[in-house]
Amino acid sequence: MNALNQIKTVIFPVAGIGSRFLPVTKTVPKELLPILNIPLIEYAVNEAREAGIERFIFVSSPEKQSITDYFKKDKKLESYLKNKNSDLLIGLEKNFISDESLIEVVQEEPLGLGHAIWCARDYIDGPFAVILPDDLIISKVACIKQMINVYKEHKSNIVAIQEIDSVNVSKYGVIDYDDNNKDYYFIKNMVEKPNINDAPSNLAIIGRYILLPNVLNSLSDKKIGFGGEIQLTDAIKTTIKNEGVIGYKFEGNRYDCGNVIGALEAQISVAINNSRYKDKVIDIMKKYLK
Ligand code: UTP
């Protein structure tokens, strides 16, 4: 059994349709769209690795198997690069996830984020992390590592939260809280995608979670929530009374790469903070801002 204070497993739910990014997502999974030359899913895997996570569960759809292929060895490409460019090969090898560490689960139909997490239930035996790869977070300390540290202190469910403009509350799960202590908010209610007038705060839940396995019991009820989907927020809400849920305001910058403008902002920000591209990107921007 997984010790209660050890979080060694992450779930990446990657079976969504990606409708906000159509038409490209008709054939290219959203999670493989690149920021510079690195796909979103690799940023997510690197974040988990930085936090000491060792088991990587991908909940994917039958049409999106290329996401897990990305982390597997490609013999043909390897033998080509061995002769042509061994530096590129070293770069590629860093991405591999071993067969023992990579678990693939299929969600046959996109019934919602909650359902995607439930699909991984057979592989969960203790607290676990969830990372939504389309929420890219750039931070000094990996966001999920910051959250594991909060978990170690409190042993409750932890959701990452961010202050947002009130006009955007209807795009998120929003928290109501009893009390807060610096960056920790002790949650008393969560509302999925409220109207601006019904939102209990402007603190939105974003795509990082540390969850206790009990949440899976709630998910097994398969309760249909907002938008006709099985919502993870609804299941987490049922744990508030017994296990508690803390909203954690993380340190770092988040980019919502599930939509075109968010992904564009991420491209610009990541490029400007990369010494290899910075000057060229600034030159290009000056040219177009004239
Ligand atoms: P989103 O809410 O962004 O949905 O899912 P989506 O389908 O990917 O994109 P849009 O809204 O149609 O543009 C957040 C995360 O949850 C996964 C998605 O792949 C994404 O990583 N997800 C969502 C599932 O794995 N299964 C689902 O049924 C729904």
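Now for a quick tour of the structure. (Residues numbered from 1 in each chain as written. Predicted model: local features only at pLDDT ≥ 70, side-chain atom pairs only at ≥ 80, totals over all residues. Heavy atoms only, no water.)

## Observations concerning the packing of aromatic side chains
Defined as follows: Two rings from Phe, Tyr or Trp (for Trp, the six-membered ring) form a pair when their centres are within 6.5 Å of each other. A pair whose planes differ by under 30 degrees is stacked, one over 60 is edge-to-face, and the rest are tilted. The way it works is that DSSP assigns letters per residue, a run of H or I at least four long becomes a helix, a run of E at least two long becomes a strand, and they are numbered from the N terminus. Relative accessibility thresholds used throughout: buried, under 20% of the residue-type maximum; exposed, over 50%; partly exposed, between the two (1.4 Å probe, protein chains only). Sitting over a ring, as applied to charges here, requires NZ of Lys or CZ of Arg to be within 6 Å of the ring centre and within 35 degrees of the ring normal.
All told, the structure shown has six aromatic pairs when counted by the stated rule. Residues Phe12 and Phe56 carry aromatic rings whose centres are separated by 6.5 Å and whose planes lie at 10° to one another, so their mutual orientation is stacked. Here Phe56 lies in strand E4 (residues 55-60) and Phe12 lies in strand E1 (residues 9-13), a separation of 44 residues in the sequence. Like Phe12, the residue Phe56 is buried in the burial classification. Judged by centre distance (4.8 Å) and plane angle (85°), the ring pair of Tyr177 and Tyr185 falls under edge-to-face. These aromatic residues form a ring-pair network of at least three members: Phe12, Phe56, Phe58, Tyr70 and Phe71. One Lys or Arg, Arg121, reaches over the ring of Trp118 and ends 3.6 Å from the middle of that ring. The ring centre of Tyr151 lies 5.8 Å from the NZ or CZ of Lys155, which sits over that ring.

## A few points about the side chain of Gln107
Test applied: A 3.5 Å cut-off defines polar contacts: any pair of N or O atoms within that distance qualifies, except that in protein one atom must be a possible hydrogen donor and the other a possible acceptor, and neighbouring residues in sequence count only when both atoms are side-chain atoms. The criterion used for residue contact is that any of the two residues' heavy atoms lie within 4.5 Å.
The topology assignment puts Gln107 in the loop between strand E5 (102-106) and helix H5 (113-118). The class of Gln107 is buried, set by a relative accessible area of 3%. Within the structure, the side chain of Gln107 is placed 2.9 Å from the side chain of His115, a separation counted as a polar contact. Beyond its immediate stretch of four places on either side in the chain, Gln107 contacts Ala15, Val59, Ser60, Ser61, Pro62, Gly112, His115, Ala116 and Cys119.

## Thoughts on the pairing of strand E8 (residues 157-163)
Spelled out, the test is: In this description, strands pair whenever DSSP reports at least two bridges between them.
The buried fraction of E8 amounts to six of the seven residues, a majority that puts the element mostly inside the structure. Pairing of E8 with strand E12 (residues 245-249), which is carried by five bridges, proceeds in the parallel orientation. Each residue of the ladder has a partner; that of Asn157, found in E12, is Val245. Strand direction decides the pairing type here: E8 and strand E11 (residues 203-211), joined by five bridges, are antiparallel. For Val159, the partnering residue across the bridge sits in E11 and is Tyr209.

## Describing the layout of surface pockets
The line we're drawing: Using a 1 Å grid laid over the protein atoms alone, points where a 1.4 Å probe fits but cannot get out form a cavity; open sets with protein on both sides within 12 Å along at least 5 of 7 lines form a pocket; any residue with an atom within 4 Å of a point counts as lining. Grid points are joined across faces, edges and corners, and a volume is the space filled by probe spheres set on the points. All amino acids are sorted into three groups, where Ala, Val, Leu, Ile, Met, Phe, Trp, Tyr, Cys and Pro are nonpolar, Asp, Glu, Lys and Arg are charged, and the leftover types, Gly among them, are polar.
Its volume calculated, the largest pocket comes out at about 1,200 Å³. Within the residue set of the lining of the largest pocket, elements represented by two or more residues are H5, E8, E11, helix H8 (232-237) and strand E13 (253-256). It is E11 that provides the largest number of residues to the lining of the largest pocket, a total of four residues. Of the residues that constitute the lining of the largest pocket, the class distribution is 17 nonpolar, 13 polar and 13 charged. Computed from the structure, the second largest pocket encloses a volume of approximately 290 Å³.

## Notes on the site of the ligand
Operational definition: Any residue with a heavy atom positioned within 4 Å of a molecule or strand is treated as near that molecule or strand. Those molecules having more than half of their atoms within 2 Å of a cavity or pocket grid point set are described as sitting in that cavity or pocket.
In the vicinity of the ligand, 18 residues are found, and the nearest of them are Pro13, Ser19, Arg20, Lys30 and Gln107. The contact in question runs from an oxygen atom of the ligand to an N or O atom on the backbone of Arg20, over 2.8 Å. Among the detected pockets, the ligand sits in the largest pocket. For the shell around the ligand, the per-class residue count stands at nine nonpolar, five polar and four charged.

## Some words on the nonpolar core
Stated precisely, the cut-off is as follows: The definition of a nonpolar core used throughout is a set of buried Ala, Val, Leu, Ile, Met, Phe, Trp, Tyr and Cys residues joined through side-chain atoms within 4.5 Å.
Phe12, Ile41, Phe56, Phe58 and Ile210 are the most contacted members of the largest nonpolar core, which has 40 residues in total. The leading source of residues in this core is helix H6 (residues 143-154), at six residues. Filtering out sequence-adjacent residues up to four positions away, Phe56 remains in contact with Val10, Phe12, Val45, Ala48, Arg49, Ile97, Ser101, Leu102 and Ile103. One finds Cys119, Leu132, Ile187 and Val215 within the second-largest nonpolar core, a separate group that totals 33 residues.

## Topic: the packing of helix H3 (residues 75-84) against helix H4 (residues 86-93)
Let me state the cut-off plainly: In this analysis an axis means a line fitted to C-alpha atoms, helices contributing only their contacting stretch, and an angle means the value between N-to-C directions, from 0 to 180 degrees. Oblique is the label for any angle not under 35 degrees, not over 145, and not in the 65 to 115 range, which are roughly parallel, roughly antiparallel and roughly perpendicular in turn.
Contact geometry for H3 and H4: axes closest at 6 Å, N-to-C directions at 140°. Between H3 and H4, the interaxial angle falls into the category oblique. Within the contact between the two elements, H3 uses Leu77, Glu78, Leu81, Lys82 and Lys84 and H4 uses Ser86, Leu88, Leu89 and Leu92. The class makeup of the residues in the contact of H3 with H4 is five nonpolar, one polar and three charged.

## Some points on the pattern of salt bridges
Quick note on the threshold: When a carboxyl oxygen of Asp or Glu is within 4 Å of a side-chain nitrogen of Lys or Arg, the pair counts as a salt bridge.
Under the defined criterion, the tally for this structure stands at ten salt bridges. Note that Glu31 and Lys64 form a salt bridge whose closest N and O atoms lie 3.0 Å from each other. Here Glu31 is found in the loop between E1 and strand E2 (34-35), whereas its partner Lys64 is found in the loop between E4 and helix H2 (66-69), with 33 residues between them in sequence. Residue classification places Glu31 among the buried positions, given a relative accessible area of 4%. Among the salt bridges present, the one from Glu104 reaches Lys72, with a minimum N-O distance of 2.8 Å. Within this pair, whereas Glu104 is found in strand E5, its partner Lys72 is found in the loop between H2 and H3, the two being separated by 32 residues in sequence. Judged by its relative accessible area of 28%, Lys72 falls in the partly exposed class. Residues joined by salt bridges that share partners form a network here, namely Arg20, Asp135, Arg254 and Asp256.

Keep in mind these values describe shape, not function.
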